[in-house]
Amino acid sequence: MKLSEAKIGSTVTVEKIEGDGAYKRRIMDMGLTKGTELYIRKVAPLGDPIELTVRGYELSLRKNDAECVEVR
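Procedures and definitions
Residues numbered from 1 in each chain as written. Predicted model: local features only at pLDDT ≥ 70, side-chain atom pairs only at ≥ 80, totals over all residues. Heavy atoms only, no water. Pairing = 2+ DSSP bridges. Helix = DSSP H or I, 4+ residues; strand = E, 2+ residues; numbered from the N terminus. Axes fitted to C-alpha atoms, helices over the stretch in contact; angles between N-to-C directions. Buried < 20%, exposed > 50% of the residue type's maximum accessible area, 1.4 Å probe, protein only. Contact = heavy atoms within 4.5 Å. Polar contact = N/O pair within 3.5 Å; in protein donor to acceptor, adjacent residues only side chain to side chain.

## A look at the sheet that holds strand E2 (residues 37-43)
Thinking step 1. What the five strands build is an open sheet, ordered E4-E3-E2-E1-E5; its pairing is antiparallel. Strand pairing shows two members of the sheet lacking a second neighbour, strand E4 (57-61) and strand E5 (69-71), which therefore form its edges. Recorded for the sheet is a direction-independent mean angle of 45° between the axes of neighbouring strands.
Thinking step 2. Where strand E1 (residues 11-17) meets E2, three bridges bridge the pair, whose relative direction is antiparallel. Paired with Val-12 across the bridge in E2 is Leu-38.

Pasting the structure below:
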């Protein structure tokens, strides 16, 4: 499942990040690495952005970036 498909209030774990080297690196620099748990806090009314809790901090992620993160 893609991160953009996760339901509000759920906790998911990062499985894989798709994309080219620089793009993948940017997402990983935000703390989204394989095995990291993410809590889906909020989703904006039109679905963009998604607000997450990652490693104890809040992160807003655009929907097209969330499409590149595979979770379980």
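Text resumes after the structure shown.
## Some points on the environment of Tyr-39
Thinking step 1. Inspection of the secondary structure assignment puts Tyr-39 in strand E2.
Thinking step 2. The sequence separation of Tyr-39 and Ile-17 amounts to 22 residues, and the corresponding C-alpha distance is 17 Å.

## Quick notes on the environment of Met-30
Thinking step 1. Tracing the sequence through the fold places Met-30 in the loop between helix H1 (21-29) and E2.
Thinking step 2. Judged by its relative accessible area of 17%, Met-30 is buried.
Thinking step 3. A C-alpha to C-alpha distance of 10 Å links Met-30 and Arg-55, two positions 25 residues apart in sequence.
Thinking step 4. Filtering out sequence-adjacent residues up to four positions away, Met-30 remains in contact with Tyr-57, Leu-59 and Leu-61.

## Observations regarding the side chain of Thr-13
Thinking step 1. Its place among the elements puts Thr-13 in strand E1.
Thinking step 2. Leaving out residues up to four positions away in the same chain, Thr-13 has contacts with Gly-35, Thr-36, Glu-37, Glu-70, Val-71 and Arg-72.

## Brief notes about the environment of Lys-2
Thinking step 1. By the secondary structure assignment, Lys-2 is in the segment before E1.
Thinking step 2. C-alpha of Lys-2 to C-alpha of Glu-67: the two residues are 65 residues apart in sequence and 5.7 Å apart in space.
Thinking step 3. With sequence-adjacent residues up to four places away left out, Lys-2 is seen in contact with Glu-18, Ala-66, Glu-67, Val-69, Glu-70 and Val-71.
Thinking step 4. A polar side-chain atom of Lys-2 sits 3.0 Å from a polar atom in the side chain of Glu-18.

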